[in-house]
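Listed below are the residues making up each chain.
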Amino acid sequence: MKRFFRYLRLPGVRLQLMLWYTAVFAVLIFFSDTILYTQLQTSLVANLDSSLRVQAQQISNGVTANADGTITIQDTTGDLPELAMTPDSGASNVEQQGNHSDVTFGSLVRILDAKGHLVRGTSASTALIIPPVSITQAMQGTPWQGNVSTRNGQQVRLYSMELTENGVPFAIIQVGESLAQLQAALRSVALELVAIAPFILLLGALGSYWLAARAFIPIDRLTRTTQHIQAGDLHQRVPVPHTHDEVHRLATTLNEMIRRLEAAFRRQRRFVADASHELRTPVAVIRSMTDLALLEELTLQEYKELLGNINIETERLGHLISNLLALARADEGKMSLELEPVRLDQLVRAVATNAEVLAAEHAITLEVQAAEPISILGDEARLIQVVMNLLDNAIVYTDAGGLVTIDVARKDASSACLTIHDTGIGIAAEHIPHIFERFYRVDPARVRADGNSSGLGLAIVEWIIHAHHGTITVESQPGQGSTFCVTLPLAPTKPVQTGSLTREKSKAVER
Ligand code: ADP
């Protein structure tokens, strides 16, 4: 059975739709045919009943009660000569004759007295098997109508009513009509319905297949275009139909996805190109220095100097490579955070203490405001990297005599705010949206004294903060200074006293 259903799922959507539609059509046809047939049967029987009622009324006009209790019957319509005849041997004899006439031909009329004894009846009526209820119910004043059968199994519709004179019942009149014609009509209608149903189903199946095929034309077109779009030509777009339907939505969604992919590929290409360029520079410097050393005879002091410079370049190269590696791992989603409760105020003070040497070298005053204990859930080593990078930038891009302030405070009930403000060179408005991009430097000529300027620092900072579900914003005025504001969610539990930084993390701060 399971295999059968699996097989059913195999054909294409068009065929599946066709099968489903056909099944629904079949159910609808079955119900509509059943309703049609039942309605027809009910109305035919109702018609027959009303014509029997009329016939009974007409016959009753010729039936009168005599003073001696007998009944006089006259054929007022002229259609029932049999009834007008006087019976030779009484009512009971008529019944005993057992005349098995065909009820399809001839009238079916019976007249009974008030006690229910048959007074007169047509010869065809002798074949009827009369149910007693048809007489007793009529005697109680309620006309009876129903199906009765004949001795040879034919079906007859019978109507039975009571006749009264001055409110006194004196006779019962029963009128019948064979159901053979009605049943034949119903049978032929049923046959026609059954014969037509497969054609309607076939037409429905073909129609639904055609409609499904038509509906899938634009989807096929989209599929073909999408198949042609390779990684190299992501500038292509799928055609968007003018209709505002699902296909329109699918096409716009595909185009939006291709646009995002194109942007991602472009970013990736630029990243690779920038990275190669950045890596080439220190390699070229080292190469030219070694060339010089190999070409010329140098003094020991000159060799030492040269090796010192090579050392600085390799250190710079190493720094760049580790930054690139960090971003590549972050892109791949492989860089995981080791989350633990961190006292942000203590962490900032520790980093600031280490940065004081650099600040003093640049003749810059460093102020820390971290009065209240702030606990966040984060990766201590990565958060140290964030504070270090921001503090380094603030010091490097501030002229001698300037001031760098670092402030940690609770922003609201659920977040903490780390603000690093400097009175440095500032950033022009047009550069602000780009400074978090990889390798972006406002002024490549102005680099850190240690030569570790790669334009990757803020990109890494932003990634770490986003990974902590935080945000980073910057406000800056050229010539007046910059303020970097980092918002981080507070630890969900009460502030945890982590004490001082772990020895390992302290080493990271020193580095
Ligand atoms: P870099 O290694 O060059 O400092 P970053 O990604 O850290 O790279 O910063 C990108 C650029 O943003 C820097 O080159 C610098 O032009 C600008 N910038 C960053 N911080 C500041 C600041 N505090 N003041 C002025 N400019 C800044």
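The structure this text deals with has already been given above.
If you're wondering where the values come from, they're calculated on a predicted model, not measured in any experiment.

*Asks:* What should I look at first to understand the sheet that holds strand 13 (residues 471-477) in this one?
*Replies:* The strands making up a sheet associate through hydrogen bonds between their backbones, and the pairing can be parallel or antiparallel. Pairing in this open sheet of five strands is mixed, and the strands run 9-11-12-14-13 from one edge to the other. Each of the sheet's edge strands pairs with one partner strand only, and the pair in question is strand 9 (365-369) and strand 13. The mean inter-strand angle of the sheet, taken between neighbouring strand axes irrespective of direction, is 10°. Across seven bridges, strand 13 lies against strand 14 (residues 481-489) in antiparallel orientation. Each residue of the ladder has a partner; that of Q477, found in strand 14, is G481. Across the sheet, helix 9 (residues 344-361) is in contact with strand 9, strand 11 (403-410), strand 12 (415-422) and strand 14; its angle to strand 9 comes to roughly 175°.

*Asks:* For this particular structure, what's the right way to read the site of the ligand?
*Replies:* Lining the immediate surroundings of the ligand are 20 residues, of which N393, Y397, D422, S453 and L458 lie closest. Here an oxygen atom of the ligand sits 3.1 Å away from a polar atom, N or O, in the main chain of V442. Separating a nitrogen atom of the ligand from a side-chain N or O atom of S482 is a distance of 3.5 Å. The fraction of the free accessible surface of the ligand (530 Å²) that becomes covered by protein chains is 98%. Every element with two or more residues in the shell around the ligand is listed here: helix 10 (380-396), helix 11 (457-467) and strand 14. Taken together, the residues that form the shell around the ligand break down as ten nonpolar, seven polar and three charged.

*Asks:* It is not clear to me how the environment of A416 should be interpreted in this structure. Could you clarify?
*Replies:* Examined against the element boundaries, A416 turns out to sit in strand 12. In sequence terms A416 and L488 are 72 residues apart; their C-alpha atoms lie 5.3 Å from each other. Among residues more than four places away in sequence, those in contact with A416 are L344, I374, I376, A409, R410, K411, V486, T487, L488 and L490.

*Asks:* Honestly, the packing of helix 2 (residues 13-60) against helix 6 (residues 180-228) in this entry has me stumped. Any pointers?
*Replies:* For any two helices packed against each other, one specifies the crossing angle of their axes together with the interaxial distance. Where helix 2 contacts helix 6, the two axes come as close as 8 Å, and the packing angle between them is 155°. Overall, the two elements helix 2 and helix 6 adopt an arrangement that is roughly antiparallel. For helix 2 against helix 6, the interelement crossing comes out right-handed.

*Asks:* Any chance you could explain the packing of helix 10 against helix 11 here in plain terms?
*Replies:* The N-to-C vectors of helix 10 and helix 11 enclose an angle of 145°; their axes lie 9 Å apart at closest approach. Crossing handedness for the pair helix 10 and helix 11: left-handed. For the pair helix 10 and helix 11, the contacting residues are R382, Q385, V386, N389, L390 and N393 in the first and G457, L458, I460, V461, W463, I464 and I465 in the second. For the contact of helix 10 with helix 11, a count of residues per class yields eight nonpolar, four polar and one charged.

*Asks:* Can you help me understand the state of the cysteines in this one?
*Replies:* When the sulfur atoms of two cysteines share a covalent bond, that bond is a disulfide. Applying the stated rule across the entire model yields zero disulfides. No disulfide involves C417; its nearest neighbouring cysteine sulfur is the one of C485, lying 3.2 Å away.

*Asks:* Sorry, what's going on with the packing of aromatic side chains here?
*Replies:* In this description, a pair of aromatic rings is defined by centroid distance and the angle of the planes. The full count for this structure, using the stated rule, is two aromatic pairs. Summarising the aromatic geometry, the rings of F30 and F31 are spaced 5.6 Å apart at their centres and angled 70° between planes, so their arrangement reads as edge-to-face. Judged by relative accessible area, F30 falls into the exposed class, the value being 54%. A centroid spacing of 5.6 Å and a plane angle of 40° characterise the contact between F271 and F439, whose relative ring orientation is tilted.

*Asks:* Mind showing me how you'd approach helix 9 here?
*Replies:* Because an α-helix packs 3.6 residues into every turn, residues spaced three or four apart end up facing the same way. End to end, helix 9 covers 26 Å across 18 residues, agreeing with the expected 26 Å (1.5 Å per residue, within 8%). Those residues of helix 9 not exposed but buried are L344, D345, Q346, L347, V348, V351, A352, A355 and A359. Backbone geometry just after helix 9 places A363 at a positive phi near 55°.

Cut-offs applied
- Residues numbered from 1 in each chain as written.
- Predicted model: local features only at pLDDT ≥ 70, side-chain atom pairs only at ≥ 80, totals over all residues.
- Heavy atoms only, no water.
- Pairing = 2+ DSSP bridges.
- Helix = DSSP H or I, 4+ residues; strand = E, 2+ residues; numbered from the N terminus.
- Axes fitted to C-alpha atoms, helices over the stretch in contact; angles between N-to-C directions.
- Contact = heavy atoms within 4.5 Å.
- Near = heavy atom within 4 Å.
- Polar contact = N/O pair within 3.5 Å; in protein donor to acceptor, adjacent residues only side chain to side chain.
- Areas by Shrake-Rupley, 256 points an atom, 1.4 Å probe, with all protein chains shown as cover.
- Nonpolar A, V, L, I, M, F, W, Y, C, P; charged D, E, K, R; others polar.
- Parallel < 35°, antiparallel > 145°, perpendicular 65-115°, else oblique.
- Left-handed = near helix turned anticlockwise from the far one by under 90°.
- Disulfide = S-S within 2.5 Å.
- Phe/Tyr/Trp six-rings, centres within 6.5 Å; stacked < 30°, edge-to-face > 60°.
- Buried < 20%, exposed > 50% of the residue type's maximum accessible area, 1.4 Å probe, protein only.
- Expected span 1.5 Å × (residues − 1).

Keep in mind these values describe shape, not function.
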